[in-house]
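Now for the letters of each chain:
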Amino acid sequence: MRSRPLAVVAPVSGRAIALSEVPDAVFAQNMVGPGAAIDPDRGPGVVVSPVSGILVKLKPHAFVVTAEDGRGVLVHLGIDTVNLDGGGFVLLAEEGSMVPAGAPVIRWNPAAVEAAGLSPVCPVIALDADRTAAEVLTGTVSLGAVSAGDRLFTWA
Amino acid sequence: MQRTVTVASRVGLHARPAAVFVKAASAASLPVTIAKEGKEPVNARSILAVLGLDVRGGEDVVLEADGDGAEGILDKLADLLTEDLEG
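Residues numbered from 1 in each chain as written. Chains lettered and ligands numbered in written order. Predicted model: local features only at pLDDT ≥ 70, side-chain atom pairs only at ≥ 80, totals over all residues. Heavy atoms only, no water.

1. As for the pairing of strand E6 (residues 62-66) of chain A
Residue and element names in this part refer to chain A. Most of E6 sits inside the fold, with five of its five residues counted as buried. Side-chain alternation along E6 places Ala 62, Val 64 and Thr 66 on one buried face and Phe 63 and Val 65 on a second face that is also buried. Inspection of the sheet shows strand E5 (residues 53-59) paired to E6 by five bridges, in the antiparallel sense. Within the sheet, the bridge partner assigned to Leu 58 lies in E6 and is Phe 63. With antiparallel pairing between neighbouring strands as the criterion, E5 and E6 make up a hairpin whose turn holds two residues. Here E6 runs beside strand E7 (residues 72-76); their pairing, made up of five bridges, is antiparallel. Counted as the bridge partner of Val 65 is Val 73 from E7. (Buried < 20%, exposed > 50% of the residue type's maximum accessible area, 1.4 Å probe, protein only. Helix = DSSP H or I, 4+ residues; strand = E, 2+ residues; numbered from the N terminus. Pairing = 2+ DSSP bridges.)

This is the structure in structure tokens:
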């Protein structure tokens, strides 16, 4: 059984918003999972791991880290950014490696994503969380300014 | 019972198409697994597991379910994968 609540930190600096505000129906309707999103500060930035664990999947525009207890968190850098085919994203960590919460994973520029006509909003998703349990995510930041590494939400 | 399907979505089973697929698999009355050909099957109801497969567009996957209604379930899931879920 799950041991402790999992603290999930903001992977980027910007403004924390509700998932329902993400301009993509699949994310906005919690279909990928519950979570929160960050409208990132524009300009070059570094994306950090939201939890300590193994970087099980690393793509230029998205990655998944599984914590010690097996729970996975997805960070998606912008919407439809898979179509950029990695352009503008620099990987700073290796798939399969251990990453502490707050460790650099990817360098990118949300302003460039926006200039390409895409939303740079970053959903941060609790994968396989029970979507019906309202209490799954507690302590979601008072939506507003966050810095990378600040607590974003707690996964009960 | 198994079904081999070619994933149509150009970008493969990444976040959004994977979510649509996992939701359908979760709604099915039987457990379903998905595997890349020749690889270990994973639970099709787990988005973490499905994202972990890292299926690319144009790749084949093997769906498996057993029991009453397996054929209908596999048909439905196979149809989903052969649509371009990015659409």
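Moving on from the model shown.
2. Regarding helix H3 (residues 70-82) of chain B
Residues and elements named next belong to chain B. Relative to the 18 Å expected for 13 residues at 1.5 Å per residue, H3 spans 18 Å between its end C-alpha atoms, a close match to the ideal helical length. Burial in H3 covers these residues: Ala 70, Ile 73, Leu 74, Leu 77, Ala 78, Leu 80 and Leu 81. Buried residues of H3, seen end-on, are gathered within an arc of 155 degrees and therefore sit on one face of the element. The inward-facing, buried residues of H3 contact strand E1 (2-6), helix H1 (15-27) and strand E4 (60-64). (Expected span 1.5 Å × (residues − 1). Arc of directions from axis to C-beta. Contact = heavy atoms within 4.5 Å.)

3. Comments concerning the pattern of salt bridges
Evaluation of the coordinates by the stated rule reveals 12 salt bridges over all chains. Of the charged contacts in the structure, one is a salt bridge between Asp 39 of chain A and Arg 15 of chain A, with a shortest N-O distance of 3.6 Å. Here Arg 15 of chain A lies in strand E2 (residues 14-17) and Asp 39 of chain A lies in strand E3 (residues 35-40), a separation of 24 residues in the sequence. Judged by its relative accessible area of 43%, Arg 15 of chain A is partly exposed. A salt bridge links Arg 71 of chain A to Asp 69 of chain A, with the shortest nitrogen-to-oxygen separation between them at 3.0 Å. According to the relative accessible area criterion, Arg 71 of chain A is buried, its value standing at 1%. Overlapping salt bridges bring together Lys 57, Lys 59 and Glu 95 of chain A together with Asp 54 and Arg 56 of chain B as one network. (Salt bridge = Lys/Arg side-chain N within 4 Å of Asp/Glu carboxyl O.)

4. Some details on the packing of aromatic side chains
Residues and elements named next belong to chain A. This structure, assessed with the given rule, holds one aromatic pair over all chains. On the basis of an interplanar angle of 20 degrees and a centroid distance of 6.2 Å, the ring pair of Phe 89 and Trp 108 is categorised as stacked. Taken together, the positions of Phe 89 in the loop between E7 and strand E8 (90-91) and Trp 108 in strand E10 (residues 104-108) put the pair 19 residues apart, joining distant regions of the chain. Of the two residues examined, Phe 89 and Trp 108, each falls in the buried class. The ring of Trp 155 is capped by Arg 71, whose NZ or CZ atom sits 5.0 Å from the centre of that ring. (Phe/Tyr/Trp six-rings, centres within 6.5 Å; stacked < 30°, edge-to-face > 60°. Lys NZ or Arg CZ within 6 Å of the ring centre and 35° of its normal.)

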